Amino acid sequence: MTRTGGRVTAASAATLLLLCVLVGLGGPAQAAAYRYWSFWDRGVDGSGWVYATQGPSTARPSDGDVQGFRFAVSEDSDDAAEPRGAARFDAICSGTAARDGQKRIALVLDFGTAADAPAGETPPPTRTACARVPSDATTADALAAVAKPLRYDTNALLCSIAGYPRKGCGEAIADDGPEASGTSGASDTSDTSDASDASDEKGPSVGLFVGVGAVAVLGAAAVWQARRRRRG
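Because the structure is a prediction, the values reported are computed rather than measured. (Residues numbered from 1 in each chain as written. Predicted model: local features only at pLDDT ≥ 70, side-chain atom pairs only at ≥ 80, totals over all residues. Heavy atoms only, no water.)

Here the focus is the pairing of strand β5 (residues 66-74). Looking down a regular strand, the side chains alternate between one sheet face and the other. With 9 of 9 residues buried, β5 is to be regarded as a mostly interior element. Of the two faces of β5, both are covered, the one formed by Val 66, Gly 68, Arg 70, Ala 72 and Ser 74 as well as the one formed by Gln 67, Phe 69, Phe 71 and Val 73. As defined by bridge partners, strand β3 (residues 32-42) adjoins β5 across 8 bridges and the pair is classed as antiparallel. Note on β5: the bridge partner recorded for Tyr 36 is Ala 72. (Buried < 20%, exposed > 50% of the residue type's maximum accessible area, 1.4 Å probe, protein only. Helix = DSSP H or I, 4+ residues; strand = E, 2+ residues; numbered from the N terminus. Pairing = 2+ DSSP bridges.)

Counting residues in hydrophobic clusters, the biggest one holds 20 residues, and the most contacted among them are Trp 37, Phe 69, Leu 107, Leu 109, Leu 143 and Ile 161. Elements with a minimum of two residues in this core: β3, β5, β6 (102-110), β7 (127-134) and α3 (139-146). Among the elements that line this core, the one with the most residues is β6, at 3 residues. Ignoring anything within four residues of it in the chain, the contact list for Trp 37 reads Phe 69, Arg 70, Phe 71, Asp 110, Phe 111, Leu 158, Cys 159, Ser 160, Ile 161, Tyr 164 and Pro 165. Formed by 13 residues, the second largest nonpolar core is a distinct cluster that contains Tyr 51, Ala 87, Phe 89 and Ala 106. (Core = buried A, V, L, I, M, F, W, Y, C linked by side-chain atoms within 4.5 Å. Contact = heavy atoms within 4.5 Å.)

The next subject is the state of the cysteines. Taken as a whole and judged by the stated rule, the model has 2 disulfides. Sequence-ordered numbering of the bonded cysteines in the protein gives a disulfide pattern of 1-2, 3-4. (Disulfide = S-S within 2.5 Å.)

What follows covers the confidence of the model for the protein. Across the protein, the average pLDDT comes to 75, with 61% of residues at 70 or higher. Scored below 50 in pLDDT, residues 1-27 shows 33 contacts in the model against residues more than four places distant or in partner chains. (pLDDT = per-residue confidence, 0-100.)

Burial analysis of β6 places 8 of its 9 residues in the buried class, which makes it a mostly covered element. Inspection of the sheet shows β5 paired to β6 by 5 bridges, in the parallel sense. For Arg 70, the partnering residue across the bridge sits in β6 and is Asp 110. Bridge analysis of β6 against β7 gives 8 bridges, and the strand direction is antiparallel. Bridge assignment links Gln 102 to a residue of β7, and that residue is Pro 134.

Positionally, Arg 151 belongs in strand β8 (residues 151-152). A C-alpha to C-alpha distance of 7.4 Å links Arg 151 and Gly 163, two positions 12 residues apart in sequence. Residue contacts for Arg 151: discarding those within four places in its chain leaves Leu 157, Leu 158, Cys 159, Ser 160, Pro 165, Arg 166, Lys 167 and Gly 168. Within the structure, the side chain of Arg 151 is placed 3.5 Å from the backbone oxygen of Arg 166, a separation counted as a polar contact. (Polar contact = N/O pair within 3.5 Å; in protein donor to acceptor, adjacent residues only side chain to side chain.)

Below, the structure is given as structure tokens:
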């Protein structure tokens, strides 16, 4: 680093400050993923899964609908893992007869993989169930009819199906380990999700531009101060 009269030059000081700002503000924020039960609807034509736009406590499926749940680690709905296994209504509900005033909902319950399981827990095998419930029942009602015990948190977030997992509910997990499940375990092609979109924009953060602007101001001030001293 150059020195003039025993002092660091203004240009060198500004450069050093710029480097500090770039190191402090230029890096991307650490991403986070969450361990939770995701909720899915089978497409109208039965060709694929669609991330549900309502929670199970408000969704009211019709007779003949297929819905799924998958326990996994993911960042958001865009990379959430789909339920695996057979997902045809006629196969799941073939042994359940229709009744007046009731409806039949086919459910696919995918408890996920060992990689996504909380410490000390082992996911049960994926299974299906046919819930016959009153015609005005919600998905939560259908789930309660075939997969107790269920566990919810104080915000009505579904935490546990058939007692799995025993504890925890949508906890954040630092995304610095193996890649989250994503859709790699899905057996069908995923349809576009209707869930809220996250920004895909890339590039420097706003903080970086603010920091560079501050460095420019400080650098100009340092140059002005150096010139004033020489004139004095």
